[in-house]
Amino acid sequence: MPEGHSIHRVARVHRRWLVGRRFTADSPQGRPDVAPALSGRTLLGVDAHGKHLFHTFEGDVRLHLHLGLFGRIRHFRSEAPLPSSACRLRLASDAATLHLSGPSACELLTPEAEATLRARLGEDPLRADASPDRAYARLTQGRMPLAQALLDQGRIAGVGNIVRAEALFLARLPPLLPASELERGAFDGLWGAMRALLEDGARDGLIVTPGAPPLPSPGRKRAERFCVYGRTGQPCPRCGAKVKGQTLAARTLYFCAACQGVDRVKRPRWPRAR
């Protein structure tokens with residue numbers, strides 16, 4: 001599933017190339033619930049909050065998109081190819097066309113419904129209106145492991161498994177620390193790490209963690225952009241200990257036990273990683 005930086009990057013592309021254009025809309029997949037309301041309207045604005053995209057068309061018609069695990073958006077600035085039969089929504093104009101396929105959400109929302117949805121989302125580190133105070137208050141509710149709480153989109157919006165692992169590593173925080181025990185000073189360091197990683201990803205299209213090991217070969221670039229994510233059994237770039245990978249709430253958690261003080265936190269019984 002795309003993390004928040006990818007969605008903000010898409011929003012920037014849409015604001016630059018799609019806003020101000022009038023589109024015709026159809027659904028090659030045969031789902032006519034959204035397209036008729038959009039066709040013939042001009043796109044006025046695009047906004048991102050966490051992993052959600054919001055498009056506002058003239059007449060206050062609002063489109064909400066969430067790509068989920070399988071969603072994909074393809075953009076074309078000249079003649080677009082014919083869409084596949086899996087294309088959920090096509091927005092076409094003379095100079096720019098969008099093909100959307102496989103989203104978990106593609107729906108029209110009233111202004112009130114959009115406001116309700118946004119209120120359920122946590123603070124997004126990439127948004128100018130994000131409040132670290134509100135984020136800290138939500139994140140530290142209850143004794144859920146900190147690493148698990150970070151993936152709750154109602155606490156912090158836009159954080160996925162990569163940002164979670166790398167930010168906890170940069171902040172030197174134990175991933176199993178009960179969220180309620182996170183001190184404000186430690187949170188500020190974690191918030192800053194998450195924001196820096198997401199900002200870099202939104203700007204560059206990918207995340208490269210500061211301190212990640214150098215790239216010895218072109219065939220292994222993905223794993224070597226990170227310090228711990230996807231690097232189970234490899235040496236920690238900070239201390240040399242082996243990076244660990246364990247299952248937490250059906251997701252693989254990556255961490256360096258030595259650097260992140262895991263031994264100082266009472267650990268639950270881990271399910272065996274698969």
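Residues numbered from 1 in each chain as written. Predicted model: local features only at pLDDT ≥ 70, side-chain atom pairs only at ≥ 80, totals over all residues. Heavy atoms only, no water.

Two numbers describe how helix α1 (residues 4–17) lies on helix α7 (residues 184–204): the axes approach to 8 Å, and their chain directions differ by 40°. With respect to their mutual orientation, α1 and α7 come out oblique. For the pair α1 and α7, the sense of crossing is right-handed. Here α1 contributes Gly-4, His-5, His-8, Arg-9 and Arg-12 to the contact with α7, which in turn contributes Leu-198, Gly-201, Ala-202, Arg-203 and Asp-204. (Axes fitted to C-alpha atoms, helices over the stretch in contact; angles between N-to-C directions. Helix = DSSP H or I, 4+ residues; strand = E, 2+ residues; numbered from the N terminus. Parallel < 35°, antiparallel > 145°, perpendicular 65-115°, else oblique. Left-handed = near helix turned anticlockwise from the far one by under 90°. Contact = heavy atoms within 4.5 Å.)

Now for a nonpolar patch on the surface. Residues Met-1, Leu-69 and Phe-70 make up a contiguous nonpolar surface patch of about 400 Å² in total accessible area. Along the chain, Phe-70 falls in the loop between β4 (61–66) and β5 (72–76). On the basis of relative accessible area, Phe-70 is assigned to the exposed category, the value being 70%. (Patch = residues over 30% accessible without salt bridge, like charges linked within 9 Å, V, L, I, M, F, W, Y side chains within 5 Å. Areas by Shrake-Rupley, 256 points an atom, 1.4 Å probe, with all protein chains shown as cover. Salt bridge = Lys/Arg side-chain N within 4 Å of Asp/Glu carboxyl O. Buried < 20%, exposed > 50% of the residue type's maximum accessible area, 1.4 Å probe, protein only.)

Okay, the pairing of strand β9 (residues 244–248) next. Sheet topology note: the β9/strand β10 (residues 251–255) ladder contains five bridges and is antiparallel. Across the sheet, residue Gln-246 finds its bridge partner in β10, namely Leu-253. The turn joining β9 and β10, which pair antiparallel and follow one another in sequence, is formed by two residues; a positive phi near 50° is taken by Ala-249. (Pairing = 2+ DSSP bridges.)

What follows is about the side chain of Arg-155. Mapped onto the fold, Arg-155 is located in the loop between α5 (146–150) and α6 (161–170). With a relative accessible area of 11%, Arg-155 lands in the buried category.

Turning our eyes to something else, we now look at the confidence of the model for the protein chain. For the protein chain, per-residue confidence averages 92 on the pLDDT scale, and residues scoring 70 or more make up 92% of the total. Here residues 266–274 scores under 50 on pLDDT; set against residues more than four positions off or in separate chains, the count is 16 contacts. (pLDDT = per-residue confidence, 0-100.)

On to the pairing of strand β3 (residues 52–57), then. Within β3, five of the six residues are buried, leaving the element largely enclosed by the surrounding structure. With six bridges connecting them, strand β2 (residues 41–49) and β3 associate as antiparallel partners. Across the sheet, the residue bridging to Ala-48 is Leu-53, located in β3. Hairpin connection of β2 to β3: two residues between the antiparallel strands, including Gly-50 at a positive phi of 60°. In the sheet, β3 pairs with β4 via six bridges, with the strands oriented antiparallel. Within β4, the position partnered with Thr-56 by the bridge is Arg-62. Between β3 and β4, which pair antiparallel and follow one another directly, the connecting turn spans three residues, one of which, Gly-59, has a positive phi of 85°.

Attention shifts here to α1. Relative to the 20 Å expected for 14 residues at 1.5 Å per residue, α1 spans 20 Å between its end C-alpha atoms, a close match to the ideal helical length. Burial in α1 covers these residues: Gly-4, His-5, Ile-7, His-8, Val-10, Ala-11 and His-14. (Expected span 1.5 Å × (residues − 1).)

Glancing now at unusual backbone geometry. Positive phi outside glycine occurs at Asp-60, with the angle close to 60°. Secondary-structure assignment places Asp-60 in the loop between β3 and β4. According to the relative accessible area criterion, Asp-60 is partly exposed, its value standing at 40%.

If you walk across this open sheet you meet the eight strands as β5-β7-β6-β1-β2-β3-β4-β8, and the pairing is antiparallel. Among the strands making up the open sheet, the edge pair consists of β5 and β8 (105–109). This sheet shows a mean twist of 30° between the axes of neighbouring strands, independent of strand direction. The sheet contact formed by strand β6 (residues 87–92) and strand β7 (residues 97–101) spans five bridges and is antiparallel. Bridge pairing in β7 places Leu-89 opposite Leu-100. Of the strands in this sheet, β2, β3, β5 and β7 are in contact with α1, which crosses β2 at around 155°.

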